[in-house]
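# Remarks on the overall topology
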Amino acid sequence: MREEILLNIENPRQLEKLYRDNKPTFKTAFNSLYPQLGENLLAEGWYQRLNYSHEDLFWGTPGERIFVVGASILAGLLAQLPKMLSIDQEFFYTRNIGFIVFPILIAFFAWKNRISGKTGAILAGLALISICFINYLPQDPKSDTLNLSCIHLPLLLWSILGFAFGGGKLKSGGNWLGFLRYNGELAVMMALLLIAGGLTTAITVGLFNMIGWDIQKFYFDYVVVCGLAAVPTIGTFLTQTQPTLVNKVSPVIANLFSPVALVMLIIYLSATLFSGKDPYHDREFLVLFNVLLVAVMALIFFSVAESNPAGKNRVQVLVLFLLAAVTLLVNGIALSAVVFRISEWGITPNRAAVLGANVLMLIHLLYVGTKLWSTLTRKTDLSLVGKSLALFLPVYALWSAIVAFLFPLFFGFK
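These lines cover the structure that appears in this document, whether it is placed above or below.

Conventions adopted
- Residues numbered from 1 in each chain as written.
- Predicted model: local features only at pLDDT ≥ 70, side-chain atom pairs only at ≥ 80, totals over all residues.
- Heavy atoms only, no water.
- Patch = residues over 30% accessible without salt bridge, like charges linked within 9 Å, V, L, I, M, F, W, Y side chains within 5 Å.
- Areas by Shrake-Rupley, 256 points an atom, 1.4 Å probe, with all protein chains shown as cover.
- Salt bridge = Lys/Arg side-chain N within 4 Å of Asp/Glu carboxyl O.
- Helix = DSSP H or I, 4+ residues; strand = E, 2+ residues; numbered from the N terminus.
- Buried < 20%, exposed > 50% of the residue type's maximum accessible area, 1.4 Å probe, protein only.
- Disulfide = S-S within 2.5 Å.
- Core = buried A, V, L, I, M, F, W, Y, C linked by side-chain atoms within 4.5 Å.
- Contact = heavy atoms within 4.5 Å.
- Axes fitted to C-alpha atoms, helices over the stretch in contact; angles between N-to-C directions.
- Parallel < 35°, antiparallel > 145°, perpendicular 65-115°, else oblique.
- Nonpolar A, V, L, I, M, F, W, Y, C, P; charged D, E, K, R; others polar.
- Lys, Arg positive; Asp, Glu negative; His and termini not counted.
- Polar contact = N/O pair within 3.5 Å; in protein donor to acceptor, adjacent residues only side chain to side chain.
- Expected span 1.5 Å × (residues − 1).
- Phe/Tyr/Trp six-rings, centres within 6.5 Å; stacked < 30°, edge-to-face > 60°.
- Lys NZ or Arg CZ within 6 Å of the ring centre and 35° of its normal.
- Arc of directions from axis to C-beta.

## Comments concerning a nonpolar patch on the surface
- A cluster of nonpolar side chains, contributed by V69, I73, L77, M84 and L85, occupies part of the molecular surface with about 500 Å² of accessible area.
- Sorting the residues of the nonpolar patch by element identifies α5 (62–79) and α6 (81–85) as the ones contributing at least two each.
- In terms of residue count, the dominant contributor to the nonpolar patch is α5 (three residues).
- Topologically, I73 is positioned in helix α5.
- Classification of I73 as exposed rests on a relative accessible area of 51%.

Take a look at the structure:
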């Protein structure tokens, strides 16, 4: 390597090739040669490039740090409300789990993006209406509309968070695509925080057990619950102030899991042919099919959002296209199963909700698949795929609002 560097010290292209072929060896050899390269400007540029040290980590402004600390404490207190006010835990958490996290994150981005007072008041009003509505629904554990509202209301709050993330402006494209990218990075950061928290919990409980103190119940009831409530806020703060911590990890995860998910999905669909199960007569199997559908669609969205349009090669685009095609097949099976069950046993709140969601996902997958095919045939670039993803997010938000607020009224709170 030393000889190659000396021979090509005046050839920038060949030096770049040597560097990309073996970066660690190149750096070691170049640094050992640097003292004898004299006043060569190209050598000086390479030395600075190879040995540039990043500045100290930036931990946000004092205002951001104060906000995050206060928000984390508030999230912990909200999570402890059932104990503090003697509220039934099942009643509280099933209806209000989204309000422990999303309003705080919405407030963070509204403050960070300096959203106008009028827009902020509208967002606060929507959150207040949502809280009152979900908590005043009749208490019936067997109510399908109640369960649907509890599931779809956090999705609506997630959409409002995307609106605040984009600066409170009704724009698709960059803002919504950036929001999807933020969600991927937040998922990675939260996973790291949860792993660190799990290790800390195990060590702490174990150390106290060694001296005869059983703190497990107290620790889980207070420390763990409060910590879990604060993780999304802390993770968001880290993704915004330390983007380099995860912005290189997320694309790698997306590129690794996309082909794995494709192979797994093909094997699973093949295995179902011999399993004796079908989503037309097995309700639980249909639910599993829809969960699988949502998970794979989320992976497609994550992969495209984390992709650099200029750096995505044809193999990666082909994997995404095939994944979208197979997911489209899964969606078609699930949709036909829902239509079959409605024709056989009539309409119910659950079937109506699943039918609407499957129709939306079918249209979305067809649109995304078309854009991926255009990218694959080099008629368009990958950035248009990202825009096609972002275009439908407000539509999903509207559907979530319909299911959460109108289904209980349409179906008489059944």
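There is more to say, and it comes next.
## Observations regarding the state of the cysteines
- In this structure the tally under the stated criterion is zero disulfides.
- C150 provides the cysteine sulfur closest to C132, a residue in no disulfide bond, and the two sulfurs are 15 Å apart.

## A short note on the nonpolar core
- Core analysis: the largest hydrophobic core is formed by 89 residues, its most contacted members being L161, Y182 and L323.
- The contacts of Y182, once residues within four sequence positions are left out, are L105, F109, L161, F165, T236, T239 and Q240.
- Grouped together as the second largest cluster of nonpolar side chains are 13 residues, I9, A29, L37 and L50 included.

## A short note on the packing of helix α8 (residues 117–136) against helix α9 (residues 144–165)
- At a closest axis distance of 12 Å, the pairing of α8 and α9 adopts a crossing angle of 175°. Of the possible angle classes, the one that applies to α8 and α9 is roughly antiparallel. Where α8 abuts α9, its residues T119, L123, L126, S130, F133 and I134 lie against S149, C150, L153, I160, F163 and A164.
- Residues that form the contact of α8 with α9 fall into these classes: nine nonpolar, three polar and no charged.

## Side note on the side chain of R95
- Tracing the backbone shows R95 in helix α7 (residues 89–112).
- No salt bridge is formed by the buried R95. Its closest oppositely charged neighbour is D88, at 8.2 Å.
- A polar contact of 3.0 Å, which involves the side chain of R95, links it to the backbone oxygen of L137.
- With residues up to four places along the chain from it excluded, the contact list for R95 reads I134, N135, Y136, L137, P138, Q139, L146 and C150.

## Description of unusual backbone geometry
- Backbone geometry at S86 places phi at a positive 55°, although glycine is not the residue there.
- Within the secondary structure layout, S86 lies in the loop between α6 and α7.
- By relative accessible area, S86 is classed as exposed at 69%.

## Considerations on α9
- For α9, which comprises 22 residues, the first-to-last C-alpha distance of 32 Å matches the rise-based estimate of 32 Å (1.5 Å per residue) to within 8%.
- The element α9 is extensively covered by neighbouring structure, given that 17 of its 22 residues are classed as buried.
- Just downstream of α9 lies G167, where phi reads positive at about 90°.

## Remarks on the pattern of salt bridges
- All chains considered together, the criterion is met by five salt bridges.
- A salt bridge links K112 to E64, with the shortest nitrogen-to-oxygen separation between them at 2.8 Å. With a gap of 48 residues between them, K112 in helix α7 and E64 in helix α5 connect regions that are remote in the sequence.
- Among the salt bridges present, the one from D221 reaches K217, with a minimum N-O distance of 2.8 Å. Residue D221 and its partner K217 are located together in helix α11 (residues 216–241), separated by four residues, close to a single helical turn.
- Here D221 falls in the partly exposed class, since its relative accessible area comes to 21%.
- One salt-bridge network, in which partners are shared between bridges, spans E16, R20 and R49.

## Concerning the packing of aromatic side chains
- In total, this model carries 26 aromatic pairs according to the counting rule given.
- Here the aromatic rings of W399 and F407 are separated by 5.9 Å at their centres, their planes lie at 85°, and the arrangement is edge-to-face.
- Three or more aromatic residues joined by ring pairs make a cluster, and in this case those are F67, F108, F109, W111, W158, F165, F179 and Y182.
- Above the plane of the ring of Y222 lies K83, whose end atom (NZ or CZ) is 5.9 Å from the centre.

## Considering the environment of T145
- Within the secondary structure, T145 is located in helix α9.
- Here the alpha-carbon distance between T145 and L365, two residues 220 residues apart in the chain, equals 27 Å.
- In contact with T145, other than residues within four places in its own chain, are P349, F407, P408, F411, F413 and K414.

## Examining helix α3 (residues 23–33)
- Where α3 is concerned, the buried positions are F26, A29, F30 and L33. Seen along its axis, α3 keeps its buried residues to an arc of 100°; they face one direction. Counted as exposed and oriented over 90 degrees from the buried face of α3: P24 and T28.

## What about the packing of α5 against α7?
- Their axes nearest at 10 Å, the elements α5 and α7 cross at an angle of 170°. Between α5 and α7, the crossing angle belongs to the class labelled roughly antiparallel. Taking contact as the criterion, the partners of G63, E64, F67, V68, A71, L74, A75, L78 and A79 in α5 are, on α7, F92, Y93, F99, I100, I104, A107, F108, W111 and K112.
- Residues that form the contact of α5 with α7 fall into these classes: 15 nonpolar, one polar and two charged.

In short, the description is geometric, and any link to function would need to be established separately.
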